[in-house]
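Structural characterization, general
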Amino acid sequence: MKSISDAEWEVMRVIWTFKETTSKEIIAVLSPKKEWSTSTIKTLLARLVEKGLVTSYRQGKHYIYSPLISEEEAQYSELKKSFARICQKKHAGLLLQLLDETLMTNDDLQTFSKKLAQKKQNTVEEVYCNCVPGQCLCMHHRKES
Ligand SMILES: [Zn+2]
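First, a word on scope: everything that follows refers to the structure included in this document.

Rules used throughout
- Numbers given to residues run from 1 along each chain, matching the order in which its sequence is written.
- Under the rules for a predicted model, residues below a pLDDT of 70 receive no local features and side-chain atom pairs below 80 are neither given nor counted, while totals for whole chains, interfaces and linings still include all residues.
- As a rule here, side-chain values cover all heavy atoms of the structure and leave hydrogens and water aside.
- Listed donor atoms are N, O and S within 2.8 Å of the metal (Na, K and Ca: 3.2 Å). As water is not included, a site may look incomplete.
- Working rule for geometry: tetrahedral if four donors all subtend angles between 85 and 135 degrees; square planar for four, octahedral for six, if opposite donors exceed 155 degrees and the others stay between 65 and 115; irregular in every other situation.
- Classification of residues uses two cut-offs on accessible area relative to the type maximum, computed with a 1.4 Å probe and protein chains only: under 20% is buried, over 50% is exposed, and between them is partly exposed.
- Strands are runs of DSSP state E lasting at least two residues, helices are runs of H or I lasting at least four, and both sets are numbered from the N terminus onward.
- Think of a polar contact as two N or O atoms within 3.5 Å of one another; within protein, one of them needs to be a possible hydrogen donor and the other a possible acceptor, and neighboring residues in sequence only count if both atoms come from side chains.
- Residue contacts are defined here by distance: any two heavy atoms, one from each residue, within 4.5 Å place the two residues in contact.
- One fewer than the residue count of a helix, multiplied by 1.5 Å, yields its expected span.
- Working note: the arc is built from the helix axis to C-beta atom directions.
- Only when DSSP finds a minimum of two bridges between them are two strands counted as paired.
- Each patch is built from residues lacking any salt bridge and having more than 30% relative accessible area; the joining distance is 9 Å for like charges and 5 Å for nonpolar side chains (Val, Leu, Ile, Met, Phe, Trp, Tyr).
- Where accessible areas are quoted, they stem from the Shrake-Rupley method and a 1.4 Å probe; at the residue level, only the protein chains shown are allowed to cover.
- Any Lys or Arg side-chain nitrogen located within 4 Å of an Asp or Glu carboxyl oxygen qualifies as a salt bridge.
- The nonpolar core is taken to be a set of buried Ala, Val, Leu, Ile, Met, Phe, Trp, Tyr and Cys residues, with the residues joined through side-chain atoms within 4.5 Å.

Notes on the coordination of the zinc ion
Here the zinc ion is held by Cys-87 (SG), Cys-129 (SG), Cys-131 (SG) and Cys-136 (SG), and the distances to it run 2.2 to 2.5 Å. If you look at the zinc ion, its four donor atoms make angles of 98 to 121° with each other, and the shape they trace is tetrahedral. Summarised as a motif, the one-chain spacing of the donors to the zinc ion is C-x41-C-x1-C-x4-C. We note that Cys-131, like Cys-136, is buried.

Dropping the structure here:
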């Protein structure tokens, strides 16, 4: 998936919410949050269309925009991208920190408990460093045999 900038993400959220929308509606939603002009929104929309994340068609005087990628898919992709930038030895620690800071219902907690119980059947002896030497200090690479 092509990367989505912070500004583009703001626009995508409106398109995901409305499913089909116009630049006018997007401006109405975002104007209390951002002081963007019509041309800024139109530039962002053009970029999203160019990236293949949004499609548009003309209806009378207006263009109708709709998403080509689901919100869930994009959210997951963004998180995966962040994790890919970090040594995999540090992932579990970061998840733990996120878990600590994430607001959760009792139901969410139940889901996590079940997942952890399943995960017990699927652990590794050691998580290896997957970094290029010189970009990470842990250096716990798998021994080449
Ligand atoms: Zn590493």
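Next comes the rest of the account.
Section: the side chain of Thr-21
Following the sequence through the fold, Thr-21 ends up in the loop between α1 (6-18) and α2 (23-30). On the accessibility criterion, Thr-21 (1% relative accessible area) is buried. Of the polar contacts made by the side chain of Thr-21, one reaches the side chain of Glu-25; its length is 2.7 Å. Residues within four places of Thr-21 in sequence aside, it is in contact with Ile-15, Ile-26, Tyr-63, Ile-64 and Tyr-65.

Quick look at helix α3 (residues 38-50)
Its 13 residues place the ends of α3 18 Å apart at the C-alpha level, agreeing with the 18 Å of an ideal helix rising 1.5 Å per residue. Those residues of α3 not exposed but buried are Ile-41, Leu-44, Leu-45 and Leu-48. Each buried residue of α3 sits inside an arc of 100° when the element is viewed along its axis, so together they form one side. On the buried face of α3, the contacting elements are α1, α2, β1 (54-59) and β2 (62-67). Within two residues after α3, Gly-52 carries a phi angle of roughly 75°, on the positive side.

So, the pairing of β1
Bridge count for β1 against β2 is six bridges, and the pairing is antiparallel. Following the sheet pairing, Val-54 is matched in β2 by Pro-67.

Digging into a nonpolar patch on the surface
Together, Leu-96, Leu-99 and Phe-112 make up a nonpolar patch on the protein surface, roughly 280 Å² of accessible area in all. Within the secondary structure layout, Phe-112 lies in helix α6 (residues 106-119).

A short note on the nonpolar core
One finds Val-11, Met-12, Ile-15, Ile-26 and Leu-45 to be the most contacted residues of the largest nonpolar core, which totals 18 residues. Only α1, α2 and α3 provide two or more residues apiece to this core. Take this core: its biggest share by element is five residues, from α1. Sequence-distant contacts of Leu-45, that is, excluding residues within four places in its chain, are made with Val-11, Ile-15, Ser-23, Ile-26 and Tyr-65.

Overview of the pattern of salt bridges
The final tally for this structure, using the stated rule, is five salt bridges. Notably, a salt bridge pairs Lys-81 with Glu-78, separated by 3.4 Å at the nearest N-O pair. Of this pair, Lys-81 and Glu-78 are both found in helix α4 (residues 71-84), three residues apart, which corresponds to roughly one turn of the helix. Take Lys-81: its relative accessible area is 29%, and that puts it in the partly exposed class.

Some words on the environment of Leu-53
As for its placement among the helices and strands, Leu-53 is situated in the loop between α3 and β1. Between the alpha carbons of Leu-53 and Pro-67 there is a distance of 6.1 Å; along the sequence they are 14 residues apart. The contact partners of Leu-53, leaving out residues within four places of it in the chain, are Met-1, Lys-2, Ile-4, Met-12, Leu-48, Pro-67, Leu-68 and Ile-69.

This is a description of form; function is not addressed.
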